[in-house]
Amino acid sequence: RGENNKLGLRITSMGLLSKDPYHLMRKVKLVLRSTFLPSGYPHKTPPGYLSYSIWSWIQDLSTQLRGTLATQRVLEGIGVGRE
């Protein structure tokens, strides 16, 4: 016997998933779509929305990385972390 988690997967006592991998992929795809895309996608969004969103996410990620690296360099410059 096992218990069901939020994705509808049965986890056995050995920690194995008892559903087929295609079911898991469909559930993951559904969760990602509902998290990152607006409701009604693609029927209620303008053409090119997905492309725009992908580039926007890439820009957001690069901005965060740049900020993290800049902060790290500033802290190193003032001596934080030196022995």
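It should be emphasised that the depicted structure is a prediction, and the values quoted were computed from it without experimental measurement.

Engineer: I keep staring at the pattern of salt bridges and nothing clicks. Help me out?
Structural biologist: Between side chains of opposite charge, a pair can form when the charged atoms approach closely. Overall, the coordinates contain 1 salt bridge when judged by the stated rule. In this structure, glutamate 76 and arginine 73 form a salt bridge, with 2.8 Å as the shortest nitrogen-oxygen distance. Of the two residues, glutamate 76 and arginine 73 both sit in helix α2 (residues 49-77), 3 residues apart, roughly one turn of that helix.

Engineer: How should I be thinking about unusual backbone geometry in this particular structure?
Structural biologist: A negative phi angle characterises most non-glycine residues, just as the trans form characterises most peptide bonds. The step from tyrosine 41 to proline 42 runs through a cis peptide bond, and the omega angle for that step is 5°. On the secondary structure map, proline 42 appears in the loop between α1 (21-36) and α2.

Definitions and limits used
Residues numbered from 1 in each chain as written. Predicted model: local features only at pLDDT ≥ 70, side-chain atom pairs only at ≥ 80, totals over all residues. Heavy atoms only, no water. Salt bridge = Lys/Arg side-chain N within 4 Å of Asp/Glu carboxyl O. Helix = DSSP H or I, 4+ residues; strand = E, 2+ residues; numbered from the N terminus.

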